[in-house]
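Overview (structure and organization)
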Amino acid sequence: MTSPNWSTARCANRAPRPRRTRCWVPRSCTATPADAGRPAMRTTVGIIGGGPAGLLLARLLHLAGIDCVVLESRTREYVEHRQRAGMLEQGTVDALRAAGAAGRLDAEGLVHQGIELRFAGERHHLDFPVLTGGRTVTIYAQTEIVKDLVALQLAEGPPLLFEAKALAVEKPESDAPVVRFLHEGREQTLTCDWIAGCDGFHGISRGAFPAGASRTYAHDYPYSWLGILADVAPSCEELIYARGERGFALHSMRSPAVSRLYLQVPNGTDPDDWSDERIWDELAARFAIDADWTLVRGPITAKSVTPMRSHVHEPMRHGHLLLAGDAAHIVPPTGAKGLNLAVSDVSLLARALTDVHRTGSTQLIDRYSELCLSRVWQATRFSYEMTRMLHAQPNGDAFESRMQLARLRRITASRHAAAELAANYTGLPLPV
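Analysis parameters
- Residues numbered from 1 in each chain as written.
- Predicted model: local features only at pLDDT ≥ 70, side-chain atom pairs only at ≥ 80, totals over all residues.
- Heavy atoms only, no water.
- Salt bridge = Lys/Arg side-chain N within 4 Å of Asp/Glu carboxyl O.
- UniProt positions renumbered as here; feature names shortened; annotations may be inferred.
- Helix = DSSP H or I, 4+ residues; strand = E, 2+ residues; numbered from the N terminus.
- pLDDT = per-residue confidence, 0-100.
- Contact = heavy atoms within 4.5 Å.
- Buried < 20%, exposed > 50% of the residue type's maximum accessible area, 1.4 Å probe, protein only.
- Phe/Tyr/Trp six-rings, centres within 6.5 Å; stacked < 30°, edge-to-face > 60°.
- Lys NZ or Arg CZ within 6 Å of the ring centre and 35° of its normal.
- Pairing = 2+ DSSP bridges.
- Axes fitted to C-alpha atoms, helices over the stretch in contact; angles between N-to-C directions.
- Expected span 1.5 Å × (residues − 1).
- Arc of directions from axis to C-beta.
- Parallel < 35°, antiparallel > 145°, perpendicular 65-115°, else oblique.
- Left-handed = near helix turned anticlockwise from the far one by under 90°.
- Nonpolar A, V, L, I, M, F, W, Y, C, P; charged D, E, K, R; others polar.

Attention shifts here to the pattern of salt bridges. Per the stated rule, a full pass over the model turns up 26 salt bridges. Between arginine 76 and glutamate 80 there is a salt bridge; the shortest N-O distance is 3.0 Å. Connected through shared salt-bridge partners, Arg104, Glu108, Glu144, Lys147 and Asp148 make up one network.

This is the structure in structure tokens:
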């Protein structure tokens, strides 16, 4: 079966230390007995977390002439090699270009015109440019984005401290909040005008909100993803999302020579229980269609299991502490929204902080949480719906299975439904 006329079937150990940079020490700073002997630093924006959110925020602030310090608890080697998402919305690509951080992205990124849906032995290609008025997505690994931003930061940006573990955020309600952190064996303090918590789901920033000042909304899914990296050319030109009675499978890639693939597995799965041969056999079974297509196999270089969850923390601001990225929200990877939401957050945050710095206006920063969350909840909804539509239910619910097929048939038979998926997948407009 082929898709309607707007779509056609297609597939075919210790890291170097950063250079020394000066610290900003407030002239009015006086040591208290508790602070005696504790080195003190001063900056305008203290950024906790040296992942893509924190690094991009630092880059944008640097370009706006705003000083900041980035504290990253891990080594440079670790942050530059941890495997994460690799699908970039159009808006994310545009943001990296505007930050001067897209040189390698433009040279090496794989621009995709759409995705392929597989179910009931059929294949259906959704043509994003046709459905969205020209928007595309790009495959470029998060590890490479981090490498690019780290290189820029160390070459021309403000201080980036690796192995600087944030211990606490103090006085977030005040005009001079403080981050206590451990670096090179000494406890130090960083006094700021603003603190950006970009330290992920397991960081300390979210916990600095006082009891009763926030609320979380969470949903855990009854399955996980077994993900692999393989040294083999992708078996398709664009991502394949496959739904079947055996479970969900996703075929992605990191480069023309490296494939990234995923299998739906039960929660608590040990990746070591899955041999390479078993993984490839199961992937081949789930991608199978009633046509001539073969999954190309190759050496598996990494495997891991990722739990699936949705988590939103409201609000994203408390006093002069602002959350961004995974520190504020987590979505299942089905919709490829995690990294893209982080870029959306920090793009808005950089604009808001620039307004405060240049004009004294707090109008945008006062709306930061509201504007971000409006986009976060739409991305959470999209990720939830994609996940529920494509994954086999562990309880074998026959009604839910038929509903999944009905949703997929609607998308592949209706231009309106296909355009709705494409608009969300390529990225909703950034907050104004």
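A few words now on the UniProt feature "domain: FAD-binding" (unreviewed entry) in the protein. As annotated by UniProt and renumbered to match this structure, "domain: FAD-binding" (unreviewed entry) occupies residues 42-383. Within the segment residues 42-383, helix and strand shares are 31% and 32% respectively, and the terminal C-alpha atoms sit 40 Å apart.

Here we take up the confidence of the model for the protein. Parts of the prediction with low pLDDT should not have their coordinates interpreted in detail. A residue-level look at the protein finds 91% of positions with pLDDT of 70 or above and a mean pLDDT of 90. Across residues 1-34 the pLDDT falls below 50, and counting only partners more than four positions away or on other chains, this stretch makes 76 contacts in the model.

Further remarks concern the environment of arginine 118. Note that arginine 118 resides in strand S6 (residues 114-119). On the accessibility criterion, arginine 118 (3% relative accessible area) is buried.

Let's shift gears to the packing of aromatic side chains. Taken as a whole and judged by the stated rule, the model has nine aromatic pairs. Ring centres 5.4 Å apart and planes at 20 degrees place the aromatic pair tryptophan 225 and phenylalanine 248 in the stacked group. On the criterion of sequence distance, the pair formed by tryptophan 225 in strand S14 (residues 215-230) and phenylalanine 248 in the loop between strand S15 (240-242) and strand S16 (249-255) is long-range, its members being 23 residues apart. Considered together, tryptophan 225 and phenylalanine 248 belong to a single accessibility category, that of buried residues. Aromatic pair tyrosine 241 and tyrosine 425: ring centres 6.1 Å apart, planes at 85 degrees, arrangement edge-to-face. In this pair, tyrosine 241 sits in strand S15 while tyrosine 425 sits in helix H12 (residues 415-426), placing the two residues 184 residues apart along the sequence. Each member of the pair, tyrosine 241 as well as tyrosine 425, is classed as buried. Through a chain of ring-to-ring contacts, the aromatic side chains of Phe128, Trp225, Tyr241, Phe248, Tyr262 and Tyr425 assemble into a single cluster. Between arginine 74 and the ring centre of tyrosine 78, over which it is positioned, the NZ or CZ distance is 4.3 Å. A cation sits over an aromatic face here: lysine 337 above tyrosine 425, 5.7 Å from the ring centre.

Before going further, it helps to examine the sheet that holds strand S9 (residues 160-161). By way of backbone hydrogen bonds, the strands of a sheet pair with one another, either parallel or antiparallel. On the basis of which strands lie adjacent, the open sheet formed by six strands has the order S9-S3-S2-S13-S20-S19 and mixed pairing. The strands lining the two open edges of the sheet, one partner per strand, are S9 and strand S19 (317-318). Pairing of strand S2 (residues 45-48) with strand S13 (residues 194-197), which is carried by four bridges, proceeds in the parallel orientation. Paired with isoleucine 48 across the two strands is glycine 197, which belongs to S13. With respect to the sheet, helix H1 (residues 52-63) is in contact with S2, strand S3 (68-71), S9 and S13, its orientation differing from that of S2 by roughly 160 degrees.

Glancing now at helix H6 (residues 142-156). Helix length check: H6 (15 residues) gives 21 Å between terminal C-alpha atoms against 21 Å at 1.5 Å per residue, within 8%. Counting buried positions along H6 gives eleven out of 15 residues, so the element sits mostly inside the fold.

Taking 1.5 Å per residue, twelve residues should reach 16 Å; helix H7 (residues 276-287) reaches 17 Å between its end C-alpha atoms and fits that length. Within the sequence span of H7, burial applies to Ile279, Trp280, Glu282, Leu283, Arg286 and Phe287. Down the axis, H7 shows its buried residues gathered within 165 degrees of arc, on one side only. Of the surrounding elements, those touching the buried residues of H7 are S6, S14, S15, S16, strand S17 (258-265) and strand S18 (300-314).

A separate point is the pairing of S14. Relative to S18, S14 is paired through 13 bridges, and the arrangement is antiparallel. In the sheet register, leucine 229 faces S18, and the bridge partner there is alanine 302. The pairing of S14 with S17 spans seven bridges and is antiparallel. The residue of S17 that forms the bridge with alanine 230 is serine 259.

Two elements in contact, helix H10 (residues 368-390) and H12, have axes separated by 10 Å at closest approach and are oriented at 120 degrees. Taken together, the axes of H10 and H12 are oblique relative to one another. The way H10 lies across H12 gives a crossing that is left-handed. Taken together, the residues of H12 that come into contact with H10 (itself represented by Gln378, Arg381, Phe382 and Met386) are Glu420, Leu421, Asn424 and Tyr425. Among the residues forming the contact of H10 with H12, the class breakdown is four nonpolar, two polar and two charged.

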